[in-house]
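Tertiary structure, described
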Amino acid sequence: MTGRATASRFLQSVLHNGLGRYVCQLSRITLAFSKGSQTSRGVRDYVENHVVDFAKKHQGTVVYISPRRCHVPKVTAEYLNGGTKVVALNSKSAEEIAQVITLMANQSGLDVVRIRKPFHTEHPSIQGLWQPFVNKRSQLSPRIAEWKGAQ
Amino acid sequence: MAAYMCRSFYLFTFQQRPRTCLLRAAPFAVYRTYSNANAGGFWEKFSFGKHSKEPLGTQLPEPEPPVVPMPSSPPNLSYNPPEAAELEAFLSSVVRDAYSTHTGPEDWRCQDVTSEPGRTRLLARLARELGRTVPGSQLHEMRRGDDVRRFYSIPVRDKNRLEQMATKDLPPNIKINWDYE
């Protein structure tokens, strides 16, 4: 499949994050797991041992821990721009889960798709784009001068 | 008479159904005598269903809603052993009482605790006093006084680690939902 058929977007940051202070874009993270199921073993281990460190490191993020009857433990990340991301954590170890959660914390809520250009600017030209009357004597274009004066 | 005895009677006495179904299960034949004409005759001694037979439900009191015994809270399985010296002193006295021996101060450890009736006396008294019973899977290990001492010196934690988190100081951005669906 070519790149034209798949989703893509332009490079951007949410509200110019990083221009001033960096703001962690993760607003809340929800860990849903089972108290007794085998698949939730890694998540239980993470909750008992690692989640408090994560919460202390990311103080702007709310961590919801909800034990409930489920076969597949999940982590749901909600971002400041409204985007959500859900990752299944069944049969993962606590270290793998820590990696997943750190990744989610470092992302913004923008889609993870192909980025068309690795650069973006709001002001592509400072002095103005070239057009045929640039650097020509102004008698060649009186009407343009009038028009610009009328503006 | 037989029809009356079988369904409504059974329903009422054995199944404690609510009263609505009793009203539906009326006896099949109710004869009401409106006149007193043959009240004193020979055949009036035999009822043959002539008297209005009220269902038994109106004579007995209303059935109360069934009382479901509330399940008792699960027993607290946590066990904190007393201090080592205290525990040893207590155990030595209990072993000596159970086996009625008057041996030296350290011999209670070597005391063989497999013989009855001292064994029952010993283990029952320890279970009562210390609050922890030797489970059946470990009874075979209790062969000497020292084994008993080792068993009773191991603490048992009741709560699992998740519930312990409720008691720890958590940072303000952690919220735990305790409703387990």
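Remember, predicted model here, so these are calculated numbers, not experimental data.

In this section: the overall build of chain B. A count of helices and strands for chain B gives 6 helices and 1 strand. Along its sequence from the N terminus, chain B presents helices and strands in the succession α-α-α-α-α-α-β. For chain B, buried positions account for 24% of its 181 residues. For chain B, the accessible area works out to roughly 13500 Å², and carbon and sulfur atoms hold 56% of it.

With that out of the way, let us pick up the overall build of chain A. Scanning chain A from N- to C-terminus turns up 4 helices and 6 strands. What you see in chain A, going N to C, is helices and strands ordered as β-β-α-α-β-β-β-α-β-α. Classification of the 151 residues of chain A by burial places 31% in the buried group. A sequence separation of at least 24 residues applies to 71% of the contacts in chain A between residues at least 6 apart.

Listed by partner, the interface residues are 22 residues for chain A and 15 residues for chain B. Interface area, chain A with chain B, both sides summed: about 1600 Å², of which 59% is carbon and sulfur. When the area that chain A buries against chain B is broken down by residue, the three leading residues are Lys35, Glu48 and Ile65 of chain A, summing to 34%. At the surface where chain A touches chain B, the tally comes to 0 salt bridges. The interface formed by chain A and chain B contains 7 residue pairs in polar contact (both at pLDDT 80 or more). When residues of the side of chain A that touches chain B are assigned to their parent elements, the largest contribution, 6 residues, is made by strand β3 (residues 62–67) of chain A. Of the residues in the side of chain A that touches chain B, the class split is 10 nonpolar, 7 polar and 5 charged.

Turning to the confidence of the model for chain B, a few remarks are in order. Low pLDDT marks stretches whose predicted atomic positions should not be read closely. Residue and element names in this part refer to chain B. Taken as a whole, chain B shows an average pLDDT of 75; of its residues, 65% reach a score of 70 or greater. Ranking the elements of chain B by mean pLDDT puts helix α2 (residues 19–24) last with 49 and strand β1 (residues 174–176) first with 93. For this predicted complex, the interface confidence score (ipTM) comes to 0.80, while the overall pTM stands at 0.54.

Another point: a nonpolar patch on the surface. Residues and elements named next belong to chain B. A grouping of Phe42, Trp43, Phe46 and Phe48 is seen on the molecular surface, where their side chains present a nonpolar patch of about 520 Å² in accessible area. Relative to the elements of secondary structure, Trp43 occurs in the loop between α2 and α3 (84–99). With a relative accessible area of 56%, Trp43 lands in the exposed category.

This part takes up the sheet that holds strand β4 (residues 74–79) of chain A. Across the sheet, which stays open at both edges, the 5 strands sit in the order β5(A)-β4(A)-β2(A)-β3(A)-β1(B) with mixed pairing between neighbours. Pairing within the sheet leaves two strands with one partner each, and these edge strands are β5 (84–88) of chain A together with β1 of chain B. Strand-to-strand, the axes of this sheet are offset by a mean angle of 15°, without reference to chain direction. Strand direction decides the pairing type here: β3 of chain A and β1 of chain B, joined by 3 bridges, are parallel. Considered in β1 of chain B, the bridge of Ile65 of chain A is made with Ile176 of chain B. Across the face of the sheet, helix α1 (residues 41–49) of chain A comes into contact with β2 (26–33) and β3 of chain A while running at roughly 125° to β2 of chain A.

Now for a positive patch on the surface. On the surface, Arg4, Arg114, Arg116 and Lys117 of chain A cluster together to form a positively charged patch. Owing to a relative accessible area of 81%, Arg4 of chain A belongs among the exposed residues under this scheme.

Here Ser92 of chain B shows up in helix α3. Separated by 2.7 Å, the side chain of Ser92 of chain B and the backbone oxygen of Ala89 of chain B make a polar contact.

With that settled, consider the pairing of β5 of chain A. All names here are of chain A. As paired elements, β4 and β5 share 5 bridges and run antiparallel to each other. Each bridged residue has a counterpart across the sheet, and for Ala77 the counterpart in β5 is Lys85. What sits between the antiparallel neighbours β4 and β5 is a turn of 4 residues, in which Gly82 has the positive phi angle 95°.

Turning to the packing of α3 of chain B against helix α5 (residues 145–152) of chain B, a few remarks are in order. How two helices pack is summed up by the angle between their axes together with the distance between the axes. Residue and element names in this part refer to chain B. Across the interface, α3 lies against α5 with an axial gap of 11 Å and an inter-helix angle of 140°. Taken together, α3 and α5 sit at an angle that is classed as oblique. Regarding α3 and α5, the two cross each other, and that crossing is right-handed. Two secondary-structure elements touch here, α3 through Leu87, Glu88 and Leu91 and α5 through Val148, Arg149 and Tyr152. Looking at the contact of α3 with α5 residue by residue, the classes come out as 4 nonpolar, no polar and 2 charged.

Before going further, it helps to spend a moment on helix α4 (residues 118–130) of chain B. Residues and elements named next belong to chain B. When the terminal C-alpha atoms of α4 are compared, their 18 Å separation across 13 residues agrees well with the 18 Å that a helix rising 1.5 Å per residue should span. Within α4, the full set of buried residues consists of Gly118, Arg119, Leu122, Leu123, Leu126, Ala127 and Leu130. Taken end-on, α4 shows its buried residues confined to a sector of 155°, consistent with a single buried face. Elements in contact with the buried residues of α4: α3 and α5.

What counts, and at which threshold
- Residues numbered from 1 in each chain as written.
- Chains lettered and ligands numbered in written order.
- Predicted model: local features only at pLDDT ≥ 70, side-chain atom pairs only at ≥ 80, totals over all residues.
- Heavy atoms only, no water.
- Helix = DSSP H or I, 4+ residues; strand = E, 2+ residues; numbered from the N terminus.
- Buried < 20%, exposed > 50% of the residue type's maximum accessible area, 1.4 Å probe, protein only.
- Areas by Shrake-Rupley, 256 points an atom, 1.4 Å probe, with all protein chains shown as cover.
- Contact = heavy atoms within 4.5 Å.
- Buried area = accessible area lost by both parts, 1.4 Å probe.
- Salt bridge = Lys/Arg side-chain N within 4 Å of Asp/Glu carboxyl O.
- Polar contact = N/O pair within 3.5 Å; in protein donor to acceptor, adjacent residues only side chain to side chain.
- Nonpolar A, V, L, I, M, F, W, Y, C, P; charged D, E, K, R; others polar.
- pLDDT = per-residue confidence, 0-100.
- Patch = residues over 30% accessible without salt bridge, like charges linked within 9 Å, V, L, I, M, F, W, Y side chains within 5 Å.
- Pairing = 2+ DSSP bridges.
- Axes fitted to C-alpha atoms, helices over the stretch in contact; angles between N-to-C directions.
- Lys, Arg positive; Asp, Glu negative; His and termini not counted.
- Charge placed at Lys NZ, Arg CZ, Asp CG, Glu CD.
- Parallel < 35°, antiparallel > 145°, perpendicular 65-115°, else oblique.
- Left-handed = near helix turned anticlockwise from the far one by under 90°.
- Expected span 1.5 Å × (residues − 1).
- Arc of directions from axis to C-beta.

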